[in-house]
Amino acid sequence: MSKSVVWGLASIIILSVVAFTLRTTAENRYIYPFSPVSTMHYVDDNPYLELGAMFFGLRSMAADIVWIKTLQYYGGPTEGETREEHEHHIAEEAHGDHHHHHHDRHDADTTAYRKLYALCTRAVWLDPYFFHVYNIGSAAIGFVQERYDEAAALLKEGVVWNYNPNSVHYWRLNYALAALGYEKVKDYKNAIAILEKMIDPDDSPLILLRVLANTYEKNGDYRKSLKLWKFISHKFPDQEIKAQQKMKILAQRIAG
């Protein structure tokens, strides 16, 4: 290797180190618009992706990748469950076998998917304006897994970073926080009133529609729950089996 190539590589390395040091110093000194490196959220892996993205100024793209990893984690086996067991359980659910397992088992298991909060906070640490993480993450952690304090902490962070009284997204975060409080004390009537304000059936993600449908059911509003599950089955074809199972149960309760 020629001396010119060696000096060129050395120069690139030195400039890279200097640039990263300056960037880190600036972020540690000035919180806005992003949190400093010293506050980075760790899960249980090496954050090379995040550090690399920050170095090149691609925090938003890194947040997208972390969010994809979060969804893969939430859709995979939970703690204490092998991938083979998880796939077997999902197959049972698809065939309507309720005697052995139902995926809703995880919905009431507060020990399931314990890393979900840490993953969500890592994503919004990278991009604190990532509304999707606040909305879906808090719904999964709070309304589904019933870890209300973690979900509230995630939403509060979103409210602080995204303060804008003129933004619909900002108010949806506040509504979600209020609904979460009512859900925690099992005041489903008031939780529904708030959820109906924040959820747009034509625009909201599946998990929020499921939260509202399940809250209707908890409150004894079986007809409203059935109607919403019917809407879900049409809007999300991959949810048809699940929706049909729920509608069958709700129809039996309505009949009586």
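Residues numbered from 1 in each chain as written. Predicted model: local features only at pLDDT ≥ 70, side-chain atom pairs only at ≥ 80, totals over all residues. Heavy atoms only, no water.

## Topic: the overall build of the protein chain
Helix and strand content of the protein chain: 12 helices and zero strands. Seen in sequence order, the protein chain has helices and strands lined up from the N terminus as α-α-α-α-α-α-α-α-α-α-α-α. Burial status across the protein chain gives 42% buried among its 256 residues. A sequence separation of at least 24 residues applies to 63% of the contacts in the protein chain between residues at least 6 apart. Total accessible area on the protein chain is roughly 14,300 Å²; 60% of this is exposed by carbon and sulfur atoms. (Helix = DSSP H or I, 4+ residues; strand = E, 2+ residues; numbered from the N terminus. Buried < 20%, exposed > 50% of the residue type's maximum accessible area, 1.4 Å probe, protein only. Contact = heavy atoms within 4.5 Å. Areas by Shrake-Rupley, 256 points an atom, 1.4 Å probe, with all protein chains shown as cover.)

## Brief notes about unusual backbone geometry
In the Ramachandran plot, Glu146 falls in the positive-phi region, its phi being about 65° despite a non-glycine side chain. Position of Glu146 among the secondary structure elements: in the loop between helix 6 (131-144) and helix 7 (148-161). Although it is not a glycine, Lys186 sits at a positive phi angle of roughly 60°. Among the secondary structure elements, Lys186 is positioned in the loop between helix 8 (168-184) and helix 9 (188-198).

## Things to note about a nonpolar patch on the surface
A cluster of nonpolar side chains, namely Leu49, Phe56, Leu58, Met61 and Ile65, defines an oily patch on the protein surface of about 450 Å² accessible area. Mapped onto the secondary structure, Ile65 falls in helix 3 (residues 59-75). (Patch = residues over 30% accessible without salt bridge, like charges linked within 9 Å, V, L, I, M, F, W, Y side chains within 5 Å. Salt bridge = Lys/Arg side-chain N within 4 Å of Asp/Glu carboxyl O.)

## A closer look at the packing of helix 9 against helix 10 (residues 206-218)
Look at helix 9 against helix 10: their axes get within 10 Å of each other, and the N-to-C directions meet at 150°. In terms of axis orientation, helix 9 runs roughly antiparallel to helix 10. Handedness of the crossing formed by helix 9 with helix 10: left-handed. Packed against helix 9, whose contacting residues are Tyr188, Ala191, Ile192, Leu195, Glu196 and Met198, the element helix 10 presents Leu208, Val211, Leu212, Thr215, Tyr216 and Lys218 at the interface. Residues that form the contact of helix 9 with helix 10 fall into these classes: nine nonpolar, one polar and two charged. (Axes fitted to C-alpha atoms, helices over the stretch in contact; angles between N-to-C directions. Parallel < 35°, antiparallel > 145°, perpendicular 65-115°, else oblique. Left-handed = near helix turned anticlockwise from the far one by under 90°. Nonpolar A, V, L, I, M, F, W, Y, C, P; charged D, E, K, R; others polar.)

## Some details on the environment of Val168
Examined against the element boundaries, Val168 turns out to sit in helix 8. We classify Val168 as exposed; its relative accessible area is 54%. Measuring from C-alpha to C-alpha, the distance between Val168 and Met198 comes to 9.0 Å, with 30 residues separating the pair along the chain.

## Digging into empty space enclosed by the protein
Counting across every chain of the model gives one cavity of 30 Å³ or more. Lining the largest cavity are Asn135, Ser138, Ala139, Phe143, Ala176, Met198 and Leu208. Among the elements that take part in the lining of the largest cavity, helix 6 stands out by supplying four residues, more than any other. (1 Å grid on protein atoms, 1.4 Å probe; cavity = no way out; pocket = protein on both sides within 12 Å on 5 of 7 lines; lining within 4 Å. Points joined across faces, edges and corners; volume = space filled by probe spheres on them.)

## Regarding the pattern of salt bridges
Here the structure, examined in full by the defined rule, presents seven salt bridges. Among the salt bridges present, the one from Glu150 reaches Arg114, with a minimum N-O distance of 3.7 Å. Here the residue Glu150 occupies a position in helix 7, and Arg114 occupies one in the loop between helix 4 (83-94) and helix 5 (116-126), the gap between them amounting to 36 residues. Residue Arg114 is classed as partly exposed on the basis of its relative accessible area of 41%. Asp149 is the salt-bridge partner of Lys184, the closest N and O atoms lying 3.0 Å from each other.

## Regarding the packing of aromatic side chains
One pass over the full model with this rule turns up six aromatic pairs. With 5.4 Å between their ring centres and 80° between their planes, Tyr163 and Tyr170 make a pair best called edge-to-face. Relative accessible area serves as the criterion here: at 6%, Tyr170 is assigned to the buried category. Positioned above the aromatic ring of Trp125 is the side chain of Arg59, whose terminal nitrogen or guanidinium carbon lies 4.7 Å from the ring centre. (Phe/Tyr/Trp six-rings, centres within 6.5 Å; stacked < 30°, edge-to-face > 60°. Lys NZ or Arg CZ within 6 Å of the ring centre and 35° of its normal.)

## Some points on the environment of Leu228
Mapping Leu228 onto the fold places it in helix 11 (residues 222-235). By relative accessible area, Leu228 is classed as buried at 9%. Separated by 12 residues in the primary sequence, Leu228 and Tyr216 place their C-alpha atoms 9.3 Å from one another. The residues touching Leu228, leaving out its near neighbours within four places in the chain, are Leu209, Leu212, Ala213 and Tyr216.

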